[in-house]
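The lines below spell out each chain.
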Amino acid sequence: KIAVLSGPSHAEEVSRFIPTTIVCASKDEETARKIQSVFISDTFRVYTNKDVLGVEIGAALKNVIALAAGIADGYGDNTMAALITRGIAEIARLGQAMGCHLETFAGLSGIGDLIVTCASKHSRNRRAGILIGKGETYEEAMKEVGQVVEGVYAAKAAKKLGEKYQVDLPIVKEVNAVLFEGKAAKDAVSDLMLRDRRSESPAVSYDK
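Here goes a summary of the coordinates provided. As the structure is a computational prediction, the values presented were derived from the model and not from experiment.

## A few points about the packing of aromatic side chains
Counting across every chain of the model gives one aromatic pair. Ring geometry for Tyr138 versus Phe180: centroids 5.2 Å apart, planes at 75 degrees, classification edge-to-face. On the criterion of sequence distance, the pair formed by Tyr138 in helix α8 (residues 138-145) and Phe180 in helix α10 (residues 170-180) is long-range, its members being 42 residues apart. Since its relative accessible area comes to 29%, Phe180 is described here as partly exposed. A cation over a ring is seen here: Lys156 above Phe180, with NZ or CZ 4.8 Å from the ring centre.

## A few points about a nonpolar patch on the surface
Together, Leu5, Val38 and Phe39 make up an exposed nonpolar region whose accessible area comes to about 280 Å². Its place among the elements puts Phe39 in helix α2 (residues 29-39). Classification of Phe39 as partly exposed rests on a relative accessible area of 40%.

## Notes on the sheet that holds strand β2 (residues 20-26)
Spatially, the three strands line up as an open sheet ordered β1-β2-β3, and their pairing is mixed. Each edge of the open sheet carries a strand with a single partner, namely β1 (3-6) and β3 (44-49). When strand polarity is set aside, the average angle formed by the axes of neighbouring strands in this sheet is 25 degrees. Relative to β2, helix α6 (residues 108-119) is tilted by about 145 degrees, and along the sheet it contacts β1, β2 and β3.

## A closer look at the environment of Ile111
Among the secondary structure elements, Ile111 is positioned in helix α6. For the pair Ile111 and Arg93, spaced 18 residues apart in sequence, the C-alpha separation works out to 13 Å. Residues in contact with Ile111, not counting those within four places in the same chain, are Ile84, Ile88, Phe105 and Ala106.

## Considerations on the pattern of salt bridges
Tallied over the entire structure, the rule returns 10 salt bridges. Between Arg126 and Asp73 there is a salt bridge, with the nearest N and O atoms lying 2.8 Å from each other. Here Arg126, found in helix α7 (residues 124-133), pairs with Asp73, found in the loop between α3 (52-71) and α4 (77-97); they are 53 residues apart in sequence, far enough to count as distant. Exposure remark for Asp73: the relative accessible area of 32% places this residue in the partly exposed category. Here Lys159 makes a salt bridge to Glu181, at a shortest N to O gap of 3.8 Å. Here the residue Lys159 occupies a position in helix α9 (residues 150-165), and Glu181 occupies one in the loop between α10 and α11 (185-193), the gap between them amounting to 22 residues. You can call Lys159 partly exposed: its relative accessible area is 31%. Residue classification places Glu181 among the exposed positions, given a relative accessible area of 55%.

## Focus on the packing of α4 against α6
Taken N-terminus to C-terminus, the directions of α4 and α6 make an angle of 150 degrees; their axes are 10 Å apart at the nearest point. When the axes of α4 and α6 are compared, the pair comes out roughly antiparallel. Note on packing geometry: the crossing formed by α4 with α6 is right-handed. Within the contact between the two elements, α4 uses Met80, Ile84, Gly87 and Ile88 and α6 uses Gly110, Ile111, Leu114, Ile115 and Cys118. Each residue belonging to the contact of α4 with α6 can be placed in one class, and the counts come to seven nonpolar, two polar and no charged.

Quick notes on the rules
- Residues numbered from 1 in each chain as written.
- Predicted model: local features only at pLDDT ≥ 70, side-chain atom pairs only at ≥ 80, totals over all residues.
- Heavy atoms only, no water.
- Phe/Tyr/Trp six-rings, centres within 6.5 Å; stacked < 30°, edge-to-face > 60°.
- Helix = DSSP H or I, 4+ residues; strand = E, 2+ residues; numbered from the N terminus.
- Buried < 20%, exposed > 50% of the residue type's maximum accessible area, 1.4 Å probe, protein only.
- Lys NZ or Arg CZ within 6 Å of the ring centre and 35° of its normal.
- Patch = residues over 30% accessible without salt bridge, like charges linked within 9 Å, V, L, I, M, F, W, Y side chains within 5 Å.
- Areas by Shrake-Rupley, 256 points an atom, 1.4 Å probe, with all protein chains shown as cover.
- Salt bridge = Lys/Arg side-chain N within 4 Å of Asp/Glu carboxyl O.
- Pairing = 2+ DSSP bridges.
- Axes fitted to C-alpha atoms, helices over the stretch in contact; angles between N-to-C directions.
- Contact = heavy atoms within 4.5 Å.
- Parallel < 35°, antiparallel > 145°, perpendicular 65-115°, else oblique.
- Left-handed = near helix turned anticlockwise from the far one by under 90°.
- Nonpolar A, V, L, I, M, F, W, Y, C, P; charged D, E, K, R; others polar.

Next up, the structure:
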């Protein structure tokens with residue numbers, strides 16, 4: 001009876017009783033509702049979800065997009081918004097290919113966690129990305145942050161999953177190139193911008 005808790009919940013704010021919402025995912029409804037009842041309070045709201053894998057995918061891959069957001073930190077708000085929006089599209093594509101529910105990625109463990117991890121001053125992955133964008137190696141950035149930078153490990157895993165399920169993950173690909181292949185951050189951003197023209201989403205394309 002496994003369950004996972006995830007969502008936009010930096011510990012620094014939870015510990016100060018700042019209103020926070022997260023999701024508890026379990027395939028077993030009784031387990032999810034029991035954990036929900038244990039943790040829920042007037043400052044910590046817990047929702048339930050049966051899509052365990054989707055919640056886990058969102059929780060892991062948001063760290064990769066946050067690294068990208070940090071690497072591109074100096075570009076501005078437009079770039080940040082683009083990375084968050086296209087990042088969740090990548091996460092959802094992979095999740096759906098793995099059998100997850102699309103709605104999960106529109107929720108707290110998807111877009112919610114992605115927003116806070118990309119934009120927050122508390123985000124280890126964003127801070128590491130900023131350092132990498134300034135020219136540090138990922139090893140140097142991780143040492144300076146002084147805490148686990150999950151996105152470095154998740155980037156490799158995400159690339160392998162994309163290849164396994166034949167899903168296009170351009171941001172993940174470029175993050176891997178910057179981290180492990182010595183690619184310059186500005187070249188990675190340029191290559192993302194110059195990709196082939198396409199519709200924003202298959203559901204609203206002119207081919208439908």
